[in-house]
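The primary structure of each chain is shown beneath.
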Amino acid sequence: MLLLALVWAAAALIAPALVWVALALWMLAGHVLSLRWAIVFSVTVLLAVVLIPPLSGAPWTIAGVVGPSVGALFALGLSRGQVLLARDALERSRLLQSLVAAQEESTAL
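Residues numbered from 1 in each chain as written. Predicted model: local features only at pLDDT ≥ 70, side-chain atom pairs only at ≥ 80, totals over all residues. Heavy atoms only, no water.

Enquirer: Could you give an account of the side chain of Arg80, naming the residues involved and the relevant values?
Expert: Structurally, Arg80 can be placed in helix H4 (residues 63-108). Buried and unpaired, Arg80 has no salt bridge, with Asp88 as the nearest side chain of opposite charge at 14 Å. Those residues in contact with Arg80 that lie beyond four places of it in its chain are Gly30, Leu33, Ser34, Leu35 and Arg87. (Helix = DSSP H or I, 4+ residues; strand = E, 2+ residues; numbered from the N terminus. Buried < 20%, exposed > 50% of the residue type's maximum accessible area, 1.4 Å probe, protein only. Lys, Arg positive; Asp, Glu negative; His and termini not counted. Salt bridge = Lys/Arg side-chain N within 4 Å of Asp/Glu carboxyl O. Contact = heavy atoms within 4.5 Å.)

The structure is reproduced here in structure tokens:
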């Protein structure tokens with residue numbers, strides 16, 4: 001993740017229009033990092049997204065802060081929701097296997 005973030009930051013510094021690729025970083029962070037580290041990583045990337053355009057000469061705008069903030073929250077929330085749904089599906093599958101095994105054992109008795 002750190003290597004991807006560094007490559008993204010270098011590309012965004014060269015071409016500030018690439019700051020929106022951060023959406024993919026936020027979603028990936030939600031999938032592969034723990035919640036705490038995903039939040040830390042996302043806030044760090046969000047700061048870069050907000051600061052890179054003004055550093056390259058673009059004016060500060062409310063949309064330049066609110067838009068990426070909403071995007072970060074949405075991407076992180078969506079990816080964490082998918083992780084929770086996947087965990088729930090695995091637990092449900094495990095419980096179903098346990099139930100089938102218990103039913104087979106009951107039938108055998």
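Enquirer: Could you give an account of the side chain of Ser42, with specific residues and numbers?
Expert: For Ser42, the location among the structural elements is in helix H3 (residues 35-55). Take Ser42: its relative accessible area is 5%, and that puts it in the buried class. Residues within four places of Ser42 in sequence aside, it is in contact with Trp26, Ala29 and Leu76.

Enquirer: Give me the pattern of salt bridges: which residues, what numbers.
Expert: The final tally for this structure, using the stated rule, is two salt bridges. Among the salt bridges present, the one from Asp88 reaches Arg92, with a minimum N-O distance of 2.9 Å. Here Asp88 pairs with Arg92, and both are found in helix H4, just four residues apart, close to one helical turn. Take Asp88: its relative accessible area is 36%, and that puts it in the partly exposed class. According to the relative accessible area criterion, Arg92 is exposed, its value standing at 56%.

Enquirer: I'd love a proper account of H3, names of residues and values included.
Expert: Between the first and last C-alpha of H3 there are 30 Å, a value that for 21 residues agrees with the 30 Å anticipated at 1.5 Å per step. Inspection of H3 places Ala38, Phe41, Ser42, Val45, Leu46, Val49, Val50, Ile52 and Pro54 among the buried residues, and these make up the whole buried set. Those residues of H3 hidden inside the fold are in contact with helix H1 (2-14), helix H2 (22-32) and H4. A positive backbone phi angle near 110 degrees is found at Gly57, which sits one or two residues after H3. (Expected span 1.5 Å × (residues − 1).)

Enquirer: Hey, could you go over the packing of H1 against H2 for me, with residue numbers and the actual values?
Expert: Contact pair H1 / H2: the axes reach a minimum separation of 11 Å and the direction vectors enclose 170 degrees. Taken together, the axes of H1 and H2 are roughly antiparallel relative to one another. The segment H1 lies against H2, with Leu4, Ala5 and Trp8 engaging Ala22, Leu25 and Leu28. When the residues that make up the contact of H1 with H2 are grouped by side-chain class, the tally is six nonpolar, no polar and no charged. (Axes fitted to C-alpha atoms, helices over the stretch in contact; angles between N-to-C directions. Parallel < 35°, antiparallel > 145°, perpendicular 65-115°, else oblique. Nonpolar A, V, L, I, M, F, W, Y, C, P; charged D, E, K, R; others polar.)

Enquirer: Describe the nonpolar core, listing the residues and the values that go with them.
Expert: With 18 residues, the main nonpolar core has Trp8, Val19, Ala22, Trp26, Phe41, Val45 and Val49 as its most contacted residues. Going through the elements one at a time, H1, H2, H3 and H4 are the ones with two or more residues in this core. Ignoring sequence-local partners within four residues, the contact set of Ala22 consists of Trp8, Val45 and Val49. (Core = buried A, V, L, I, M, F, W, Y, C linked by side-chain atoms within 4.5 Å.)

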